[in-house]
Every structure is written in structure tokens, then in C-alpha cells.
Amino acid sequence: MYFLHPKFWPTWLLVALLYTISWLPFRVQLALGRGLGGLFYKAMPKRVAVARRNLELAFPDMEPRERESLLKTNFANTGIALFETGMAWWWPDWRVRRKLQVEGWEHIERCEREGKGVFLLLFHFLCLEMHARVFGIVRPSVGLYRPHNNAVMEYLQTKGRSRSNKFMIKRKDLRSMLNSLDNGEVAGYLPDQDYGRHRSVFVPLFSVPDACTTTGTTIFAAGANCETLVSTCERLPGAKGYVLRIYPPENPIPTGDETTDAVHVNKEVERAVQSMPSMYMWVHRRFKTRPNDDMPSYYSAEQRRKEN
């Protein structure tokens, strides 16, 4: 009965609308999403400013006109991502399979033969919800996540993400994550956001020399019987669906040094983002934490004046 409290009625209304839209043809949902993204671009100036600044920091040599075009495409994809959430949570398996291609699955099979868990590095691309669903269609897995503040959304996202997967692990439950890897599970982890100074180091990411980067990768990769692999999910052009890719990192993870591991992780982020830059979640303040409190924010007017 708690979920029926009037404070949750707006949430249920939006969820009902999203559920209804999820049954429309895929091509129609993509078109609706692009239109919604255009509205986001006009109605969310603060988010647009953050995304624009992130692109400036990441790609300083890119022509301003090209960056602005990339920004608008990114917001179109942000609109699509909302409807992809509905697809990921409510589409039946047969409908997902019709839109799925898989590359590199032999790496998962090799780890299974060797009796190892798979520590799977994922990144914050806009089709992340679909990424989790399509991976679970092929091989149910587990994932680390941050609980939602809204109780209804927490219930729905946990249920939706577990539709084809096994279970979710709260972000601070390190022991359960390590145990899952030791038990041979495929466990997804997202190391590419700014989680603050705790358990972090400052290493290069794109053209930013001191991006706050979690050392959680080392904790899990070195603390369990597992192999580190990378996975991306790309939305194909022409409403063809999605391609799920699994591949080993270019440099070994773990190395025995958490700073080196963080550098290697950021290289993987760069490699993935460069392959589909308009699909990355640029709206987050990825570079918000500086090594020292007295250093100006990368998002401040003062810092921009210094750069110019």
C-alpha cells in the first residue's frame, strides 16, 4: 500500500506512459526519442552547459561547430535513452533477441572454462539500461548499482534490471561483489564517473590531466578469482538494433598498482567513447572533483578565463 501513497502518483503516471510507449514499433520510439531530446536541449540549459563544458574539456582541439553538432546529437540520444529504459525493462525476450548482435562472446566462454568470474567494465553510455538487458539475455549476470531515492523507482529499476539478470548488489556492498566473482559470476561495474576523493586517484582522462577516478576497479579485479573484460553496447543505425561487444582491455588490469589500473581504465573509457562519442552521458559533471579544495572548478567561470 505504501507505493499507492499520493506522493508516488506522478511517478506511476509517468511509468504508465513509458510502459505504453514501450509497445510502439522500435523505429517510432527512436523518432519520439529524438524529438524529446530536442526538447531537453531547449528546456534544460544547465545540463546543456555541463555537457558542452565536458566536450570542451575532453576535445579541446575539436572545432566549436563540430562540438555543438555533437552536443545536439547527444541530446537527441538522451531522449531516446528514456524510451530505451522502457524497452529494457518491459520488452519480452523474443523482441530483444530480434534486435541483438553479439561480438566477442568467446572471451566469456574462455573464462567459464577456466573457472573464473568475469569482472566486466561497463561505461555510462546512454543505452546503459538496454546494455544490461541484452547482456542478461545471453548470459544472466549481476551488477553493482546505486539505489534510487524514489521508492517506486527503486522497485521498478531493480525489477527491470533483474528481468534477464540474476540480482543487483548495492554499491557499498563490496563483500557480496567479491563473493559473486569468486563464485564464477559475470559482474558488471561502472568506473567512469566522479565518485569523490574517497578511494580515488587523479589521473588523465582525455585532455584533463587530473580526472578523479575510482580505485574500486583494483579492489575487485585484484580481490577475487576473476578476469577483467570490457563490454560496450552500440545502437546501430537504421533501427537495426544493438551490437553487444566484449573484449579484453588493451593493458592488463589489475597490475598491482591502483594508480596504474586507473590510468588503464581511463584509456578504455577513451577508446570506447571515441568509437561513439554522441552516445556517452556527457550531462554528468565528470570532472567536478579537483585534487585540492583551493583549486577552481573546471566548471567555473574563473577556470574558463584561465584557459582562454
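Predicted, not measured: the structure shown is a model, and the values here were computed from it.

Draft legend 1. Structural context of unusual backbone geometry. Looking along the chain, the bond that leaves I253 and enters P254 is cis, with omega of 10°. Here P254 shows up in the loop between β9 (241-247) and α11 (258-275). One non-glycine residue with positive phi stands out, namely R199, at about 55°. By the secondary structure assignment, R199 is in the loop between β5 (186-189) and β6 (200-205). Owing to a relative accessible area of 43%, R199 belongs among the partly exposed residues under this scheme. In the Ramachandran plot, F206 falls in the positive-phi region, its phi being about 55° despite a non-glycine side chain. Its location among the elements puts F206 in the loop between β6 and β7 (208-214).

Draft legend 2. Quick look at the packing of helix α2 (residues 26-43) against helix α4 (residues 64-90). For the pair α2 and α4, the least separation of the axes is 7 Å and the interaxial angle reads 130°. It follows from the interaxial angle that α2 and α4 lie oblique. Of the two possible hands of crossing, α2 and α4 adopt the one that is right-handed. Two secondary-structure elements touch here, α2 through F26, Q29, L30, L32, G33, R34, L36, G37, F40 and Y41 and α4 through E68, L71, K72, F75, A76, T78, G79, I80, L82, F83 and M87.

Draft legend 3. Molecular detail of helix α8 (residues 151-161). Three or more residues of α8 are buried, namely V152, E154, L156, Q157 and G160. The inward-facing, buried residues of α8 abut α1 (9-21), α4 and β3 (142-145). One side-chain oxygen at the N-terminal end of α8 lies 2.9 Å from the backbone nitrogen of V152; it belongs to N150.

Draft legend 4. Spotlight on the packing of helix α9 (residues 174-182) against helix α10 (residues 216-223). Across the interface, α9 lies against α10 with an axial gap of 9 Å and an inter-helix angle of 40°. As summarised for this structure, α9 and α10 are arranged oblique, according to the angle between their axes. The chirality of how α9 crosses α10 is right-handed. For the pair α9 and α10, the contacting residues are L174, M177, L178 and L181 in the first and I219, F220 and G223 in the second. Counted by class, the contact of α9 with α10 contains six nonpolar, one polar and no charged residues.

Draft legend 5. Geometry of the pattern of salt bridges. Tallied over the full model, the rule gives 18 salt bridges. A salt bridge links E129 to R161; the shortest N-O distance between them is 2.6 Å. Taken together, the residues E129 in helix α7 (residues 128-138) and R161 in helix α8 connect sequence positions 32 residues apart.

Draft legend 6. Structural view of the environment of I253. As for its placement among the helices and strands, I253 is situated in the loop between β9 and α11. The exposure class assigned to I253 is buried, which follows from its relative accessible area of 8%. Here the alpha-carbon distance between I253 and H264, two residues 11 residues apart in the chain, equals 7.3 Å. If sequence neighbours within four positions are ignored, I253 has contacts with L121, T217, A221, T228, D261, H264 and V265.

Draft legend 7. Focus on the layout of surface pockets. As a volume, the second largest pocket reaches approximately 230 Å³. In terms of lining, the second largest pocket is formed by 15 residues, of which the most central are R34, N77, R235, L236 and P237. Those elements that place two or more of their residues in the lining of the second largest pocket are α2, α4 and β8 (226-236). Ranked by the residues each element gives to the lining of the second largest pocket, the list is headed by α4, at four residues. Partitioned by chemical class, the residues of the lining of the second largest pocket number seven nonpolar, four polar and four charged.

Draft legend 8. Layout of the nonpolar core. The biggest cluster of nonpolar side chains holds 86 residues, and the ones touching the most others in it are F59, F119 and W282. When residues in this core are grouped by element, the largest group, 10 residues, is from α4. Residue contacts for F119: discarding those within four places in its chain leaves M177, L181, A187, Y189, T217, F220, A221, C226, E227, T228 and L229.

Draft legend 9. The sheet that holds β8, seen in detail. Across the sheet, seven strands lie side by side as β1-β9-β8-β2-β5-β3-β4; this open sheet has mixed pairing. Taken across any chain shown, the strands that pair with only one partner, and hence form the sheet edges, are β1 (100-103) and β4 (167-170). On average, each strand axis in the sheet is tilted by 25° relative to the strand beside it, whichever way the strands run. Set on the sheet, α7 makes contact with β1, β2 (117-121), β5, β8 and β9; between it and β9 the angle comes to about 70°.

Basis of the calculations
- Residues numbered from 1 in each chain as written.
- Predicted model: local features only at pLDDT ≥ 70, side-chain atom pairs only at ≥ 80, totals over all residues.
- Heavy atoms only, no water.
- Helix = DSSP H or I, 4+ residues; strand = E, 2+ residues; numbered from the N terminus.
- Buried < 20%, exposed > 50% of the residue type's maximum accessible area, 1.4 Å probe, protein only.
- Axes fitted to C-alpha atoms, helices over the stretch in contact; angles between N-to-C directions.
- Parallel < 35°, antiparallel > 145°, perpendicular 65-115°, else oblique.
- Left-handed = near helix turned anticlockwise from the far one by under 90°.
- Contact = heavy atoms within 4.5 Å.
- Polar contact = N/O pair within 3.5 Å; in protein donor to acceptor, adjacent residues only side chain to side chain.
- Nonpolar A, V, L, I, M, F, W, Y, C, P; charged D, E, K, R; others polar.
- Salt bridge = Lys/Arg side-chain N within 4 Å of Asp/Glu carboxyl O.
- 1 Å grid on protein atoms, 1.4 Å probe; cavity = no way out; pocket = protein on both sides within 12 Å on 5 of 7 lines; lining within 4 Å.
- Points joined across faces, edges and corners; volume = space filled by probe spheres on them.
- Core = buried A, V, L, I, M, F, W, Y, C linked by side-chain atoms within 4.5 Å.
- Pairing = 2+ DSSP bridges.

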